[in-house]
Amino acid sequence: MIIHPKRYDVIVVGGGHAGCEAALAATRLGCQTLLLTINIDTIGLMSCNPAIGGLAKGQLVKEIDALGGEMAKNTDATAIQFRKLNTSKGPAVQSSRAQSDRQAYRLRIKYVLENQPGLEIKQGLVDRILVRDGRVEGVETNIHEVFYGQAVIIAPGTFLNGLIHIGLTNFPAGRMGELPSVRLSENLREIGFDLGRLKTCTTPRVDGKTIDFSHLSKQESDDPPRPFSFSTRELPKKLLPCYITYTNPKTHEIIRSGLDLSCFFSGIIEGMGPRYCPSVEDKVALFPQKERHQVFLEPEGLRTHEYYCNGLFTGLPLDIQLKTLRSIEGLERVEIMRPGYGIEYDYVDPVQLKPTLETKLVEGLYHVGQINGTSGYEEAAGQGIMAGINAALKVKGEEPFILDRSEAYIGVLIDDLVTKGTTEPYRMFTSRAEYRLILREDNADLRLLNKGYCLGLVDDETYHRFTKKKEAITQEIERLKEVKIRPTKGINDKLKAMGSTPIKNVTSLEELLRRPELAYKDLNVFDPSSDSLPREVVEQVELEVKYAGYIRKQEELVKRFRRMERVRIPADMRYDDTPGLSNEIKEKLSTIRPMTLGQASRISGVTPAAISILMVQLKRIGAV
């Protein structure tokens, strides 16, 4: 056994998106931090698609950025395409997505980590979490190297007892070509954690030189592109298009002929897979009436011909994968560079976590990312920054940092995990957020950047720009209320020309802006000074004015929600002593140990009547 002489404040196990954000957050909060990863060369590697963001995921990335995280900055610096999704719908469900250069993304985040003062990076396969008297002490690697630390954050991704499947062939791996972490999984069971099994899959990567793009639909980047980070001032100049093609009846016939050879249909995989991201085999088998399915051909970077076939997630044998691809328009002569595959891995039931992501079983031990049953880079990174913050605060003896459901998508994500758990890979959707109109991605800085600054994760320059933006929004809304126009013939003629009804009384510019047919830029006709503000200020002014009534309604709901959240439940609450609760509800409350009455109300099976009984009991014991 080799005992490393240095004792760390925080040890992070895993160099994926969760581990990177956790390590940076803990270090930037003043902790001496160690990042241990199986392969230093794959730190920050995008295991699946070469993209960041997407529906609801864009909100997570913007929130990470507002708190001082790195994902948005890394995306902006390495992006090769930017798109805003759901622009035909309301602002509550609009999200950003960017294609990234896979290798540039990995190399930049590695550079950031290596140049972060106070952070050390070492290559090592962790086999064991060291625990004494219910508290974490450190970790031990497979070569018996021991590192001691006050807090340990585990972020193993799909490496925890990972098993890759291509058709009926399978082999241990955490990612294609990389070792899995088998003994760590066994160690977690020995400690007493309840583990389950999940699965996911990826698509084949193909050689772009063998694709015929001439008949495919081209999807260009947005013009102008919009950055992810609130601090980004300049974006990459060279952007690339994606291409769209479709499967067809011949494709589906090939897939059906190989279903018995697919790892997903042969019964050899135990774990539950994601419903929202099905394999192409599932699409064909479950939706036989559909004659075609969309396939996005996404470039992997500026200096490679490799393309990712988004929409063709598969566990078929390699020969059938190739036949499937070659039956699709544009891919008739395509060559596979890397096969698609299914992977199953262990996860730890997240109801065994506190809202800080610290485990209930072992003090000072935190779980983040796919070990908690989530799927996606963005969900992992959101957990990573929160665990990094809370591990650092715990080491420093300070109060934990928790975001609730009314403050952030990150709050929704963590609350769902620790309160409800999951039996399938969890991904974020806008529908999971009850207060999504006030949790838009465009106002993530207005919601969270001040919190990031108070923590010490947001720099002074970014904060100064933010305060100027916030002041400009407030001042402009007040100005619009004060500037009024009269119902003259000239004014009403201008309104008619814009497709708006004439005014009969003195009207403020704010009242005009509430009209759905008018935009902020239209106010320039009546008041030329309305054309002098930055786009980001204009967008917030327009949204806040147009949706003011709806926003007020959601804010009222938030007030009710927070009344329930303020009712704290003692950590040592004895539910068995609460008369009127069913045995099933007592068991659930005793297992999850909710921190508040609000959290208790969201536990599956806990009825409104049980919450009333619990409130009476809390008053009886003097807790409220």
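It should be emphasised that the depicted structure is a prediction, and the values quoted were computed from it without experimental measurement.

Peer 1: Would you mind showing me how to read helix α4 (residues 102-114) here?
Peer 2: For the α-helix, the turn length of 3.6 residues means that residues three or four positions removed from each other point alike. Under the 1.5 Å per step criterion, the end-to-end length of α4 is 19 Å for 13 residues, consistent within 8% with the ideal 18 Å. Considered for burial, the residues of α4 that qualify are Arg102, Tyr105, Arg106, Ile109, Lys110, Val112 and Leu113. Here the buried residues of α4 occupy an arc of 160 degrees about the axis, which is enough to place them on one side.

Peer 1: Just to check I follow, could you spell out the pattern of salt bridges for this structure?
Peer 2: Charged atoms that come close allow side chains of opposite charge to pair. If you walk through the whole model with that rule in mind, you get 48 salt bridges. Residues aspartate 416 and arginine 405 are paired through a salt bridge, measuring 2.7 Å at the closest nitrogen-oxygen approach. With aspartate 416 in helix α10 (residues 409-420) and arginine 405 in the loop between α9 (377-395) and α10, this residue pair connects regions lying eleven residues apart in the sequence. With a relative accessible area of 5%, aspartate 416 lands in the buried category. Ionic pairing is found between aspartate 522 and lysine 521, a salt bridge with its closest N-O pair at 3.9 Å. Connected through shared salt-bridge partners, Arg405, Asp415, Asp416, Lys420, Glu434, Glu565 and Arg602 make up one network.

Peer 1: What is the right way to read the environment of isoleucine 585 from this model?
Peer 2: Along the chain, the position of isoleucine 585 falls in helix α17 (residues 583-592). Between the C-alpha atom of isoleucine 585 and that of alanine 151, which follows or precedes it by 434 residues, the distance is 33 Å. What isoleucine 585 contacts, discounting residues up to four positions off in sequence, is Gly605, Val606, Thr607 and Ala610.

Peer 1: Even after reading the chapter, I still don't get the sheet that holds strand β11 (residues 169-172), so can you show me in this structure?
Peer 2: By definition, the strands of a sheet pair up through backbone hydrogen bonds, in either a parallel or an antiparallel sense. Spatially, four strands are ordered β11-β10-β19-β12 in an open sheet, and the strand pairing comes out antiparallel. Both outer strands of the open sheet, β11 and β12 (195-201), are each paired with one neighbouring strand and no more. This sheet shows a mean twist of 25 degrees between the axes of neighbouring strands, independent of strand direction. Looking at chain direction, strand β10 (residues 163-166) and strand β19 (residues 342-348) are connected through three bridges and run antiparallel. When the bridges of β19 are listed, isoleucine 164 appears paired with isoleucine 343.

Here is what the cut-offs are and how they apply
- Residues numbered from 1 in each chain as written.
- Predicted model: local features only at pLDDT ≥ 70, side-chain atom pairs only at ≥ 80, totals over all residues.
- Heavy atoms only, no water.
- Helix = DSSP H or I, 4+ residues; strand = E, 2+ residues; numbered from the N terminus.
- Expected span 1.5 Å × (residues − 1).
- Buried < 20%, exposed > 50% of the residue type's maximum accessible area, 1.4 Å probe, protein only.
- Arc of directions from axis to C-beta.
- Salt bridge = Lys/Arg side-chain N within 4 Å of Asp/Glu carboxyl O.
- Contact = heavy atoms within 4.5 Å.
- Pairing = 2+ DSSP bridges.
- Axes fitted to C-alpha atoms, helices over the stretch in contact; angles between N-to-C directions.

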